[in-house]
Amino acid sequence: MRRLLFIIIYIATTTIVYAQESYVQCEDTCSHIHGIDLSHYQGSVFWETVGENSKMAYVYLKATEGGDRIDDTYEKNIELAHRYGLKVGSYHFFRPKSELKKQLENFKTQCRPGDQDLIPMIDVESTGGLKVDVFCDSLMTFLKMVEEAYKQKPLIYTGRNFYNKYLQHQIDDYPLMVAMYSNEPPELADDRDYMIWQYTAKGRINGINTFVDKSRFMGRHSMREIRFRHR
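Residues numbered from 1 in each chain as written. Predicted model: local features only at pLDDT ≥ 70, side-chain atom pairs only at ≥ 80, totals over all residues. Heavy atoms only, no water.

Q: Can you help me understand the pattern of salt bridges in this one?
A: Side chains bearing opposite charge may pair, as long as their charged atoms lie close to each other. For the structure on display, the rule yields seven salt bridges. Across the pair Glu 79 and Arg 83 runs a salt bridge, and its minimum N-O distance is 2.9 Å. One end of the pair, Glu 79, and the other, Arg 83, are both in helix H4 (residues 74-83), four residues apart, so they sit about a helical turn from each other. Salt bridges linked by common partners bring Lys 62, Glu 65, Arg 69 and Arg 95 together as one network. (Salt bridge = Lys/Arg side-chain N within 4 Å of Asp/Glu carboxyl O. Helix = DSSP H or I, 4+ residues; strand = E, 2+ residues; numbered from the N terminus.)

Right under this line is the structure:
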């Protein structure tokens, strides 16, 4: 009986190891430009190991949220990401009902131009319970404030469904990253072009012990389009 139990355990273990070793990720099989975004949810990151993964060309780090929240891993992460050779940008989680001036000032305290390789990104995922027209007015005002502060248009991050419901034709002048976790790239209801597709929230990468969001450039879009212009 013990021998039989040992054989069963051995087979199960071997199967698990084989499954892990044979798991193929998108960046292992394609020529797209790939990147990740991180926040405190990923915990401690081994940046030297991440930096050795040449498949990841860029990383966006959460800096702030609303008018007063600061991601407590941001300063350490941006310093180490730079040290180990990654191209880095910063993002702000937009809260539509929070005072816009406070949100901008909060973001500016962390997203310092001298630290940026990539244009700022604004994460838009909630209307805050506002009516659609009020929400859109708040968002557009904030985007213009960010653009004026950094002298360049920010990248907008949002989900496909959220975009289709609230943002069609509202942010046409801004570069766009769209999240949809599937095997096929998302199609937007207004057929607009977008620059980056976040294709999974359950990616794996050496140096990070949790799931991580992964994204890739679409079509002929390239890193040049999100490069931070220092003046």
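Following the structure, the description resumes.
Q: Honestly, the packing of helix H5 (residues 100-110) against helix H6 (residues 132-150) in this entry has me stumped. Any pointers?
A: The axes of two packed helices give the description: the angle between them and the distance between them. As a packed pair, H5 and H6 sit with axes 10 Å apart at the nearest point and diverge in direction by 35°. Between H5 and H6 lies a crossing whose hand is right-handed. Between H5, through Leu 100, Lys 101, Gln 103, Leu 104, Phe 107 and Lys 108, and H6, the contact on the second element is made entirely by Ser 138, Thr 141, Phe 142, Met 145, Val 146, Ala 149 and Tyr 150. (Axes fitted to C-alpha atoms, helices over the stretch in contact; angles between N-to-C directions. Left-handed = near helix turned anticlockwise from the far one by under 90°. Contact = heavy atoms within 4.5 Å.)

Q: How should I be thinking about the nonpolar core in this particular structure?
A: As a rule of thumb, nonpolar side chains are buried together in soluble globular proteins. Judged by nonpolar contacts, the single largest core of 49 residues is most densely connected at Trp 47 and Ile 171. With eight residues, the top contributor of residues to this core is H6. Formed by 15 residues, the second largest nonpolar core is a distinct cluster that contains Tyr 60, Met 177, Ile 196 and Ile 226. (Core = buried A, V, L, I, M, F, W, Y, C linked by side-chain atoms within 4.5 Å. Buried < 20%, exposed > 50% of the residue type's maximum accessible area, 1.4 Å probe, protein only.)

Q: Which parts of the structure should I look at to understand the packing of aromatic side chains?
A: Aromatic ring pairs are reported here in terms of the distance separating the ring centres and the angle at which the planes meet. Enumeration according to the criterion identifies eight aromatic pairs in this entry. Measuring from ring centre to ring centre gives 6.4 Å for Tyr 150 and Phe 228, while their planes differ by 85°; the resulting arrangement is edge-to-face. Taken together, the positions of Tyr 150 in helix H6 and Phe 228 in the segment after strand S9 (208-217) put the pair 78 residues apart, joining distant regions of the chain. Judged by relative accessible area, Phe 228 falls into the buried class, the value being 6%. Between Phe 162 and Tyr 166, the aromatic rings sit 4.8 Å apart at their centres with planes inclined by 50°, giving tilted as the arrangement. Of this pair, Phe 162 and Tyr 166 both sit in helix H7 (residues 160-167), four residues apart, which is roughly one turn of that helix. Relative accessible area serves as the criterion here: at 13%, Phe 162 is assigned to the buried category. What links up through ring pairs into an aromatic cluster is the set Phe 107, Tyr 150 and Phe 228. One Lys or Arg, Lys 153, reaches over the ring of Tyr 174 and ends 4.8 Å from the middle of that ring. (Phe/Tyr/Trp six-rings, centres within 6.5 Å; stacked < 30°, edge-to-face > 60°. Lys NZ or Arg CZ within 6 Å of the ring centre and 35° of its normal.)

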